[in-house]
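Residue-level structural notes
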Amino acid sequence: MCGIAGFAGDGSHNDLKAMTTALAHRGPDAEDFFNDRESSVYLGHRRLSIIDLQDGAQPMSTADNELVIVFNGEIYNHVALRKELEDRGHRFISHHSDTEVLLHGYREWGRRMPEKLNGMWAFALFDKKAQQLFLSRDRFGKKPLYYTLQNKAFVFASELSALTIHSRVDASLSSGMLKKYFAYGYIPAPGSVYERIYKLPGGCSLIYDLRSGRLEVEKYWEFKIEPFDRIPSRPVEEWGEQLRELISRAVKRRLISDVPLGVFLSGGIDSSCVTAYAAKAMNSPAALKTFSISFEEKSFDESEFSERTARFIGTDHHNEMLSMERSMTLLPDIVGKLDEPMGDSSILPTYLLSRVTRKHVTVALGGDGADELFAGYDPFRALKYAKLYNSVIPRPVHMGICMLCSRLPVSHRNMSLDFKIKRTLRGLSYDKKLWNPVWLGPLSPDEISDLFHEPVDIEDLYSEAINLWDQCQSTSLIDQALQFYTRLYLQDDILTKVDRASMMNSLEVRAPFLDLDLVDFVRKIPYTFKFRNGQTKYILKKALEPVLPREILYRSKKGFGIPVGRWLKQPFFKHKPARYQNILSADFIQKRMQEHISNNKDNRAFLWNHWLLSEWSQGKGFSLS
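Below is a summary of the structure that appears in this document. (Residues numbered from 1 in each chain as written. Predicted model: local features only at pLDDT ≥ 70, side-chain atom pairs only at ≥ 80, totals over all residues. Heavy atoms only, no water.)

1. So, the overall build of the chain
Along the backbone of the chain there are 25 helices and 17 strands. Taken over the C-alpha trace, the chain has a radius of gyration of 24 Å; the compact-globule value for 625 residues is 25 Å, and the two agree within 12%. Along the first, second and third principal axes, the C-alpha atoms of the chain reach 75 × 60 × 45 Å. Going through the 625 residues of the chain one by one, you find that 62% of them count as buried. A separation of at least 24 residues holds for 71% of the contacts in the chain among residues at least 6 apart in sequence. Of the accessible surface of the chain, which amounts to about 23,900 Å², a share of 49% is contributed by carbon and sulfur atoms. One finds the centroid of the 83 positive side-chain charges in the chain at a distance of 4 Å from the centroid of its 78 negative side-chain charges. (Helix = DSSP H or I, 4+ residues; strand = E, 2+ residues; numbered from the N terminus. Rg over C-alpha atoms; globule rule 2.2 N^0.38 Å. Buried < 20%, exposed > 50% of the residue type's maximum accessible area, 1.4 Å probe, protein only. Contact = heavy atoms within 4.5 Å. Areas by Shrake-Rupley, 256 points an atom, 1.4 Å probe, with all protein chains shown as cover. Lys, Arg positive; Asp, Glu negative; His and termini not counted. Charge placed at Lys NZ, Arg CZ, Asp CG, Glu CD.)

Here it is, written out as structure tokens:
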């Protein structure tokens, strides 16, 4: 796992050095550079050594120096690909470097090479003969990659903080992306918080031609729901057996490492599943280290379940308490290192979990991706009732119900009943295409209009969610929601959060549930086997009954949240609305804060997102005024 940066065109080695220095946390073990002055191509790399510690240094070149690469990630099928390439006549220098596999793979397959990969990656490859830069990002966007083309320079980097250091890059805040930030709680690809700077979306490659200055982005893969044509006579048993085999293989692939590794263990079904298969593959559960976070507030605390699971499997378990006081000491460091604002408050416990884990190991496995693939979130339960409600309740009656429910007493407990009711009703005020983003987002479209002093175009505000809904070939609300969670929420919230929090601590995190073979199988399972009779992740739970105890498989889901609603009443989170008077409404912000402190309304999502944006912008030198 590493940090990469580079550019073509105007700039100097000093620019490159400054960019890689900004990525030191992503790669503390080594730093090196490549430049071709004739082509004006500069590549930089920061390394966190995981695979082939001796021969895996970067930037790496082919023997003839025609191809040069900087690479961030892990290719889990690199051994099989190496064998295939050797059979085709390629000769390798390194012992088992996956980076060298990418070089020879590109020479053999060209732009189609990413289609062959099973792993997580962001890389930039300089093809000297073709005078092109070839950039690629893994299918789900587990590894970040930003780019810009401006002022006679094409510039890229793993993080915005590195990219914007380049002397030819202008970084001005995008008002449109700030609106999306308050709509989603994150900024969806391909946009970024800055004008003219973009994320390369997951499943895409980019070709920059040095001669013409032409830039082309092409999609090599996208997640599609395409149910099996034939359902077996005993689908739960047959598919369950296949799932167990695929999960086992996915976990084994991610245990390949030349450094110590462990597992994030919350005690939920996903992390417990990964832990169980990792322990089995290692043949010694006691040698497997697992890690969790606990909270003082019981409605958020899952440590009882993580400890119970660790005892059941027999791992060497480590737990750390996250109190409000401790959070206050961690937050400045987290916000200071965030290259782009993101409002998922669980970045705080993820950061602490990563920091604790890094004291013991360099690599950790997690359960990310299962909720999105198997319909594991609470909104899946709401869809059926939302559809019925929407078809029988006239809008004036709906507005009256919303007014009535707004008077329900506020509770800051984890996923409290009043929170669920109010969120559900808020989403139902809009078209069904917007239900999921409005349910999850910090503000509704009307509130965003009030915050920014101007009308908003809903079609533009939620263009990413609407496009995914329209592209879904199924008319099932479950499938349409799966598209949203798997292709948007997973990439731009969940995986971004985990990448930033872990790499701030120089920890690599791997996601077995996003293994290519496993994903390709799960996407073909009909939604009726993922969500059935109110049961989320139905087929996964049935498949794991021989592996995990029922009290783990069928317990209520908590999620990895923090008591942010209660914490936001503390002086530490005092807002500074005067700085935003020309862009954001100070009256809107102040009113929401007063409502929250007086317990009249639960405005935790907006206030957290606003506070984080405020602190982030000051750290970057922006006033937003």
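2. A short note on the pairing of strand β13 (residues 261–264)
Pairing geometry for β13 and strand β16 (residues 363–365), over 3 bridges, is parallel. Counted as the bridge partner of Leu-261 is Val-363 from β16. Across 3 bridges, the pairing between β13 and strand β14 (residues 289–295) is parallel. Residue pairing for β14: Val-263 is matched across the bridge by Thr-290. Regarding the hand of the β-α-β motif, the stretch spanning β13, helix α7 (residues 269–282) and β14 is right-handed. (Pairing = 2+ DSSP bridges. Right-handed = clockwise from strand over helix to strand, strands pointing away.)

3. Digging into helix α1 (residues 13–21)
Within an α-helix, residues lying three or four positions from one another point in the same direction, as the helix has 3.6 residues per turn. Every buried residue of α1 is accounted for by Asp-15, Leu-16, Met-19 and Thr-20. End-on, the buried residues of α1 take up no more than an arc of 125°, which puts them together on one face. Residues of α1 that are buried sit in contact with β1 (2–9), β2 (30–36), β3 (41–47), β9 (153–157) and α4 (160–163). (Arc of directions from axis to C-beta.)

4. What to know about the sheet that holds strand β15 (residues 316–322)
Strand order in the open sheet formed by 5 strands is β15-β14-β13-β16-β17, with parallel pairing between adjacent strands. In this open sheet, the two edge strands, each paired with only one partner strand, are β15 and β17 (508–510). Along the sheet, successive strands turn relative to each other by an average axial angle of 30°, direction set aside. Judged from the 7 bridges that link them, β14 and β15 form a sheet pairing that is parallel. Looking at β15, one finds that Ile-293 is bridged to Glu-320. (Axes fitted to C-alpha atoms, helices over the stretch in contact; angles between N-to-C directions.)

5. A word on a negative patch on the surface
A contiguous patch of negative charge, built from Asp-431, Asp-457, Glu-459 and Asp-460, is present on the exposed surface. Position of Asp-431 among the secondary structure elements: in the loop between α14 (417–427) and α15 (435–440). (Patch = residues over 30% accessible without salt bridge, like charges linked within 9 Å, V, L, I, M, F, W, Y side chains within 5 Å. Salt bridge = Lys/Arg side-chain N within 4 Å of Asp/Glu carboxyl O.)

6. Considering the side chain of His-25
Considering the arrangement of structural elements, one finds His-25 in the loop between α1 and β2. By relative accessible area, which is 18% here, His-25 ends up buried. In this structure His-25 touches Glu-159, Met-503, Met-504 and Ser-506, once residues within four positions along its chain are discounted.

7. Things to note about the nonpolar core
A general trend in soluble globular proteins is that nonpolar side chains are found buried together. Ranked by internal contacts, the top residues of the largest apolar core, which has 171 residues, are Phe-123, Phe-182, Leu-243, Phe-374, Phe-380, Leu-451 and Phe-513. Ranked by residues supplied to this core, first place goes to helix α19 (residues 477–503) with 13 residues. Excluding its chain neighbours within four sequence positions, the residues that come into contact with Leu-243 are Phe-374, Leu-518, Phe-521, Val-522, Ile-525, Ile-539 and Ala-543. Grouped together as the second largest cluster of nonpolar side chains are 21 residues, Leu-133, Phe-154, Cys-204 and Leu-210 included. (Core = buried A, V, L, I, M, F, W, Y, C linked by side-chain atoms within 4.5 Å.)

8. A closer look at empty space enclosed by the protein
On inspection of all chains with the given rule, the structure shows 7 cavities of 30 Å³ or more. Lining the second largest cavity, in full, are Met-120, Lys-142, Lys-143, Asp-368, Leu-495, Val-498, Asp-499, Ser-502, Val-509, Arg-510 and Ala-511. Of all the elements in the fold, those that place two or more residues in the lining of the second largest cavity are α19 and β17. In terms of residues, the lining of the second largest cavity owes the most to one element, α19, which gives 4 residues. When its residues are assigned to classes, the lining of the second largest cavity shows 5 nonpolar, 1 polar and 5 charged. (1 Å grid on protein atoms, 1.4 Å probe; cavity = no way out; pocket = protein on both sides within 12 Å on 5 of 7 lines; lining within 4 Å. Points joined across faces, edges and corners; volume = space filled by probe spheres on them. Nonpolar A, V, L, I, M, F, W, Y, C, P; charged D, E, K, R; others polar.)

9. Structural notes on the state of the cysteines
Summed over the entire model, instances satisfying the criterion amount to 0 disulfides. For the unlinked cysteine Cys-204, the closest cysteine sulfur is that of Cys-472, found at 19 Å. (Disulfide = S-S within 2.5 Å.)

10. Quick notes on the pattern of salt bridges
Here the structure, examined in full by the defined rule, presents 48 salt bridges. In this structure, Glu-84 and Arg-88 form a salt bridge, with 3.7 Å as the shortest nitrogen-oxygen distance. Put simply, Arg-249 and Glu-245 hold a salt bridge, and the shortest N to O gap is 3.1 Å. Within this pair, Arg-249 and its partner Glu-245 are both found in helix α6 (residues 235–253), separated by 4 residues, close to a single helical turn. The class of Arg-249 is partly exposed, set by a relative accessible area of 36%. Classification of Glu-245 as partly exposed rests on a relative accessible area of 41%. Several salt bridges converge on common partners, so that one network encompasses Arg-26, Lys-143, Glu-159, Asp-339, Asp-499 and Arg-500.

11. Focus on the packing of aromatic side chains
Per the counting criterion, the structure on display carries 30 aromatic pairs. Look at Trp-121 and Tyr-220: their rings are 6.3 Å apart centre to centre, the planes differ by 20°, and that puts the pair in the stacked class. Of the two residues, Trp-121 sits in strand β6 (residues 119–127) while Tyr-220 sits in the loop between β12 (215–219) and α6, which places them 99 residues apart along the sequence. Accessibility assignment for this pair places Trp-121 and Tyr-220 in one class, buried. By the ring-pair criterion, three or more aromatic residues cluster together here, those being Tyr-184, Tyr-186, Tyr-377, Phe-380, Tyr-462, Phe-484, Tyr-485 and Tyr-489. Sitting above the plane of the Phe-529 ring, Arg-532 keeps its charged end 4.6 Å from the centroid. (Phe/Tyr/Trp six-rings, centres within 6.5 Å; stacked < 30°, edge-to-face > 60°. Lys NZ or Arg CZ within 6 Å of the ring centre and 35° of its normal.)

12. Details of the sheet that holds β9
Judged by pairing direction, the sheet is antiparallel, and its 6 strands sit side by side in the order β2-β3-β1-β9-β8-β10 without closing on themselves. Edge positions in the open sheet fall to β2 and β10 (197–199), since each of these has one partner strand only. Neighbour to neighbour, the strand axes of the sheet diverge by 10° on average, direction disregarded. The sheet contact formed by β1 and β3 spans 7 bridges and is antiparallel. Its bridge partner lying in β3, Ala-5 is registered against Gly-44.

Such coordinate-based values are descriptive only and should not be taken to indicate function.
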